[in-house]
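# Working through the structure, step by step
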Amino acid sequence: MRLFTGIFLFFLIPFQFLGNSGDSLKVLLLKVKEASYFDSTRVFTAGQNALKFAERNDLKEKALAEINIYYGNYFFYTRNIDSSVACFKRALDLARQIHSNHLEILAKIRLLYIDREYGLMQNTEEELSVFLKECIAQKDIENELEIYNLMGITQEEKGDYKKAAEFYIKGLSKSELTNSEYYQATFLNNIGLVKYSLGELPKALSDFNKGVEIATKINNQRLLSHIMMNRCLVYVHQNNSNAADQSFKAVIGYAIANRLPLELASAYVNLGSAYLNKKEYSKGLNYVDSAILVFKKFNFKKEQVRALFNKCNILLELDKIAEAEAIIKENEDYVLRSENADNVSEFYFLKYDLMHKKKRYEEALNYYLHYTRIKDSMRNVINAKVVDELQVKYNVQKKEIELEKEKSKSLSLEKINQKEKFLKWLAVLLGFMVIIAGGIIAFVIYNRKIREKQEFFSKQLIIKTEEERSRIAKDLHDDIGQSLSSLKTWLFSDNDKHVNDKKIGSEIERIIEQTRQISRTLYPSYIEKLGLTPAVAMLAENIQKNKNIEFSFDICEKTEELSVSAKTHLFRIIQECISNTL
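All values reported here derive from a predicted model rather than from experimental measurement.

## Points about the environment of Met151
- Secondary-structure assignment places Met151 in helix 8 (residues 141-157).
- Sequence separation of Met151 and Leu128 is 23 residues, and the distance between their C-alpha atoms is 7.4 Å.
- What Met151 contacts, discounting residues up to four positions off in sequence, is Glu125, Leu128, Ser129, Leu132 and Phe167.

Pasting the structure below:
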């Protein structure tokens, strides 16, 4: 059943060439991919939506190249091969225009699958080898793994299961190293099929179970359906009918729900084989006929041959020899030209069984010898031991690669640590320089503020000095000057001869008192003689007398212990406060 379960897995491989070009475009392209499996109502609509978004974001060529590959897949599934080829060639041209080597190789691989459909595989291995070297050199993991898959399928169809297993195991090892979970499940499925064909059912079931687990984890329902269908084959051979029936129903349900005729027909063929093994020929024939109808409708010629051979097996068991012979004869030319080892060996076995039932024993023996020769050559190429040895070999290689990766990782970490140390010291140095610069700036700002305060104080001092000079000048002019002028008038005026000496003396005393008052204002000498408290008391008395304001004060006795200078300052402060209050 290898033909129905591994050949088309390459179309399921997701693309990641767009990198970080936008989650929205990735989502739109994913919708195109999902629709391309067989949904004609959605695939082109989804493609147009993705293309419109790409045009708005200057990603038209890249998106168009990928969309054409999806369109090519769709036409391939629907067996419109000419349209499929046209899409893949268009994708190839676009990939060359935008210099995308990844997409260019991918489109070429798709075209090789088309060549395979027509049996044009003469130069396939050489071309794939060239592509493989390019992908390894450019670290194009996706295409590298896809090439391993196609190489394995090609070798398997030729009957060289050893080489096929070698490519599958290489792919599995590389996918495990690169954490490519989709590919891990794909190659586990293919390796499981090789082991199944060798009769290693427990080992095959183990690989299928691992594949199912990964496909479930990444939620790839199409891949999961493929692997579950193969797992059913093991269940059938182990006579685990319940598990087989449940799995087959799930696979058929998925194929019907998603309109996937190839998967649906393949499941029908496998169900037919299961009932053939259980000798329930009527049920088996019904399922095989259903598969044949689907294959014919969609022109799946290669897959149809295998289904027809299954039908021949059932017809021969039911002794419907003429019907079986007609089917064998109808497909003889196609099978022998295809050079598919499985199909050719099955063809010769059917011819042997047919001749045996017709009692043409010499011809039966001849066909049986052909059958055994092909089978023996296939067995000589590979057996279970060879597969195990290959897996051990590549497991060792994988460990060596992992060790190299660990060494590279250690070197990278060391470089990162050195870089981090350098950055750390650089950060410390920069921080230190920032602190110094900050200190200098703060010092400059502080000095500037101090200078500004000094300038302001100097201005205020000048203003206060001028005010004080003005006040003194005013006092001298208005008080003493006026009094002296009056006194002069009294002394030298003929009209005022009658002014007595007593009045003149009184005026002189008033002038003396005014002079003393101005002197006390300029320098309160009585602070030095009497103390701060009496000086304030005299100030209060003058205020009450001149301004008619009640005045009270309370001064601590300890102030008298201060210096004369300090007491003078305090007096000036009190004097200024009173002046401001008035």
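Having seen the model, we can carry on.
## What about the packing of helix 14 (residues 261-277) against helix 15 (residues 281-297)?
- Where helix 14 meets helix 15, the axes come as close as 8 Å, and the angle between the chain directions of the two elements is 160°. In terms of orientation, helix 14 lies roughly antiparallel with respect to helix 15. The two elements helix 14 and helix 15 meet at a crossing, and its hand is left-handed. For the pair helix 14 and helix 15, the contacting residues are Pro261, Leu262, Ala265, Ser266, Tyr268, Val269, Leu271, Gly272, Tyr275 and Leu276 in the first and Tyr281, Lys283, Gly284, Tyr287, Val288, Ser290, Ala291, Val294 and Phe295 in the second.
- Residues that form the contact of helix 14 with helix 15 fall into these classes: 14 nonpolar, 4 polar and 1 charged.

## A short note on the pattern of salt bridges
- Within this structure, the stated rule accounts for 12 salt bridges.
- Close ionic contact of Glu181 with Lys217 constitutes a salt bridge, the shortest N to O distance being 2.6 Å. Of this pair, Glu181 sits in helix 10 (residues 181-197) while Lys217 sits in helix 11 (residues 201-217), and the two are 36 residues apart along the sequence.
- For Lys217, a relative accessible area of 61% translates into the label exposed.
- As a salt-bridge pair, Asp289 and Lys311 come within 3.0 Å of each other at their nearest N and O atoms. Of this pair, Asp289 sits in helix 15 while Lys311 sits in helix 16 (residues 301-317), placing them 22 residues apart in sequence.
- Through salt bridges that share partners, Arg96, Glu104 and Lys108 make up one connected network.

## Details of unusual backbone geometry
- Positive phi is not limited to glycine here, since His99 has a value of about 60°.
- Residue position: His99 is located in the loop between helix 5 (81-97) and helix 6 (101-117).
- When its relative accessible area of 72% is taken as the criterion, His99 is described as exposed.
- A positive phi angle, close to 60°, is found at Lys359, a residue other than glycine.

## Examining the packing of helix 12 (residues 221-237) against helix 14
- Where helix 12 meets helix 14, the axes come as close as 10 Å, and the angle between the chain directions of the two elements is 10°. When the axes of helix 12 and helix 14 are compared, the pair comes out roughly parallel. Between helix 12 and helix 14, the contacting residues are Arg222, His226, Met229, Leu233, Val236 and His237 on the first element and Glu263, Ser266, Ala267, Asn270, Ala274 and Asn277 on the second.
- Residue composition of the contact of helix 12 with helix 14, grouped by class: 5 nonpolar, 5 polar and 2 charged.

The rules behind these values
Residues numbered from 1 in each chain as written. Predicted model: local features only at pLDDT ≥ 70, side-chain atom pairs only at ≥ 80, totals over all residues. Heavy atoms only, no water. Helix = DSSP H or I, 4+ residues; strand = E, 2+ residues; numbered from the N terminus. Contact = heavy atoms within 4.5 Å. Axes fitted to C-alpha atoms, helices over the stretch in contact; angles between N-to-C directions. Parallel < 35°, antiparallel > 145°, perpendicular 65-115°, else oblique. Left-handed = near helix turned anticlockwise from the far one by under 90°. Nonpolar A, V, L, I, M, F, W, Y, C, P; charged D, E, K, R; others polar. Salt bridge = Lys/Arg side-chain N within 4 Å of Asp/Glu carboxyl O. Buried < 20%, exposed > 50% of the residue type's maximum accessible area, 1.4 Å probe, protein only.

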